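Residue strings, one per chain:
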Amino acid sequence: MNSMFFSGETESRAILAAANHFGVSPEQIVFDRVEKRHGFVKHRRVVIRVDPASVDRSAEGGAVENESPAEVVTDPVVEAAAPAVDEPAPEPAPEPASPPEQDATEAVEAEAPEQASEEVLSIAHAALEQLLELADLEVSAEIVLTDERLEVEIEGVDEELLVEDEGQVLLALQHLLPRVMYGQLGRIIPCRLDSGGYQRKKEERLRGLARRVAEEVVSRGGTRTLRPMNPADRRIVHLTLADDPDVETESQGNGYFKRVSIRLL
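Residues numbered from 1 in each chain as written. Predicted model: local features only at pLDDT ≥ 70, side-chain atom pairs only at ≥ 80, totals over all residues. Heavy atoms only, no water.

Of regular secondary structure, the chain possesses six helices and 10 strands. Residue burial in the chain is summarised as follows: out of 265 residues, 47% are buried. By element, 48% of the accessible surface of the chain is carried by carbon and sulfur atoms, the whole surface being about 13,500 Å². (Helix = DSSP H or I, 4+ residues; strand = E, 2+ residues; numbered from the N terminus. Buried < 20%, exposed > 50% of the residue type's maximum accessible area, 1.4 Å probe, protein only. Areas by Shrake-Rupley, 256 points an atom, 1.4 Å probe, with all protein chains shown as cover.)

An ideal rise of 1.5 Å per residue puts 32 Å on 22 residues; helix α4 (residues 164–185) measures up with 31 Å between its terminal C-alpha atoms. Helix geometry: α4 is bent most strongly at L171, by close to 30°. When you tally the buried positions in α4, you get 16 out of 22 residues, the bulk of the element. G186, located one to two residues past α4, shows a positive phi value of around 75°. (Expected span 1.5 Å × (residues − 1). Bend = angle between axes of the 7 residues up to and from the residue.)

Turning to the pattern of salt bridges, a few remarks are in order. Within the structure shown, the criterion is met by 12 salt bridges. Residue R149 pairs with E151 through a salt bridge whose shortest N-O separation is 2.7 Å. Here R149 falls in the partly exposed class, since its relative accessible area comes to 23%. Here R192 makes a salt bridge to D194, at a shortest N to O gap of 3.7 Å. With a relative accessible area of 13%, R192 lands in the buried category. Linked by salt bridges that have partners in common, R149, E151, R192, D194 and E203 make up one network. (Salt bridge = Lys/Arg side-chain N within 4 Å of Asp/Glu carboxyl O.)

The N-to-C vectors of α4 and helix α5 (residues 198–220) enclose an angle of 105°; their axes lie 12 Å apart at closest approach. Put simply, α4 runs roughly perpendicular to α5. Here α4 contributes E166, G167, L170, L171 and Q174 to the contact with α5, which in turn contributes Y198, Q199 and K202. (Axes fitted to C-alpha atoms, helices over the stretch in contact; angles between N-to-C directions. Parallel < 35°, antiparallel > 145°, perpendicular 65-115°, else oblique. Contact = heavy atoms within 4.5 Å.)

On to helix α2 (residues 117–135), then. For α2, built from 19 residues, the straight-helix expectation of 27 Å at 1.5 Å per residue is met to within 8% by its first-to-last C-alpha distance of 27 Å. The complete set of buried residues in α2 reads V120, I123, A124, A127, L128, L131, L132 and A135. The arc that holds the buried residues of α2, viewed along the axis, is 165°, so those residues lie on one side. Along α2, the residues that are exposed and aim more than 90 degrees away from the buried face are E118, E129 and E133. (Arc of directions from axis to C-beta.)

What follows is about the nonpolar core. If you look at soluble globular proteins, the nonpolar side chains tend to sit buried side by side. One finds L177, M181 and L193 to be the most contacted residues of the largest nonpolar core, which totals 43 residues. Listed by contribution, the elements that provide at least two residues to this core are α1 (11–22), β3 (46–50), α2, β5 (139–145), β6 (150–156), α4 and β7 (191–194). Looking at which element gives the most residues to this core, the answer is α4, with nine residues. Setting aside residues no more than four positions away along its own chain, L193 makes contact with L128, V152, I154, L170, L173, Q174, L177 and Q199. Membership of the second largest hydrophobic core comes to 14 residues, among which are L206, L209, A214 and V260. (Core = buried A, V, L, I, M, F, W, Y, C linked by side-chain atoms within 4.5 Å.)

Here the chain shows a mean pLDDT of 76. Residues at 70 or above account for 73%. Within the model, the stretch residues 38–43 combines pLDDT values under 50 with two contacts to residues more than four positions away or in other chains. Across residues 59–98, confidence stays below pLDDT 50; counting only partners more than four residues off in sequence or on other chains, it has 125 contacts. (pLDDT = per-residue confidence, 0-100.)

A sheet is described by the order of its strands in space; here three strands give the open sequence β5-β6-β7, paired in mixed fashion. Looking along the sheet, the strands with just one partner apiece sit at the ends: β5 and β7. Put simply, the sheet's adjacent strands are angled 20° from each other on average, direction ignored. Relative to β7, β6 runs parallel, the two sharing four bridges. Counted as the bridge partner of V152 is L193 from β7. Against the sheet, α4 touches β6 and β7, its axis set at about 145° to β7. (Pairing = 2+ DSSP bridges.)

Let's shift gears to the pairing of strand β9 (residues 247–252). For β9 and strand β10 (residues 259–264), the ladder comprises six bridges, and the chain directions are antiparallel. Bridging across to β10, Q252 finds its partner in R259. Hairpin connection from β9 to β10: six residues lie between these consecutive antiparallel strands, with G253 at a positive phi of about 110°.

This part takes up the sheet that holds strand β1 (residues 4–8). Pairing is antiparallel across the open sheet formed by three strands, whose spatial order is β1-β3-β2. Each edge of the open sheet carries a strand with a single partner, namely β1 and β2 (31–34). Pairwise comparison of adjacent strand axes, ignoring direction, gives a mean angle of 30° for this sheet. In this structure, β1 lies alongside β3, joined through five bridges in antiparallel fashion. Directly across from F5, in β3, lies its bridge partner R49. Along the sheet, α1 makes contact with β1, β2 and β3, crossing β1 at roughly 135°.

Below you can see the structure in the form of structure tokens.
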């Protein structure tokens, strides 16, 4: 497989992007730093090259997600692009132990004694501080533990950097925070990170996209397949159309990024 390239304002952020893409911790990324190319760019960025075959997946137990296994769709497939991101656009630090491979936003908590909320919040703050230090971001976070997940709101001097490149850093932190916490908790706790309402606006766009494509499927028939999405984004599409009596959704593909197909029942 050909090498893949990742970029960031710093080398650490480029590694975060690579770790998020492959669904592993940063220390499992083997990379070469690429000489910066000069051009008509406002900001200089660090570029790294990663050979997918070199990524250490020995600690990963295979993908496990709360979605139905993908099946081959025999209907014609038409690519439906998501709306463009209006604001600066959107999912890693050493992990003491490797949790089961499943996206934290969709994870089913393992059976374990319920830790006191104070302990969970303390561990979450320490883990997030570790990740933010790695990313070299001058921000602060407010963390609230709800019945469903940890809600994390990040703000500060560098908050705009979180949502650059389609929220690359924010999504990486969201994916990796529960994995870092797993070493102390022994279970995955779903997390949702946001900054300046970015995730909320993105979720609204995804719900709107899902409804528009579903209406098109109902009126024209066939199947429509969306662009590749991470598990958190796919979950929004699935939930948006879960009660629609006319269509069904299904994830297709392998790996972290999959496509959601929408078709008539």
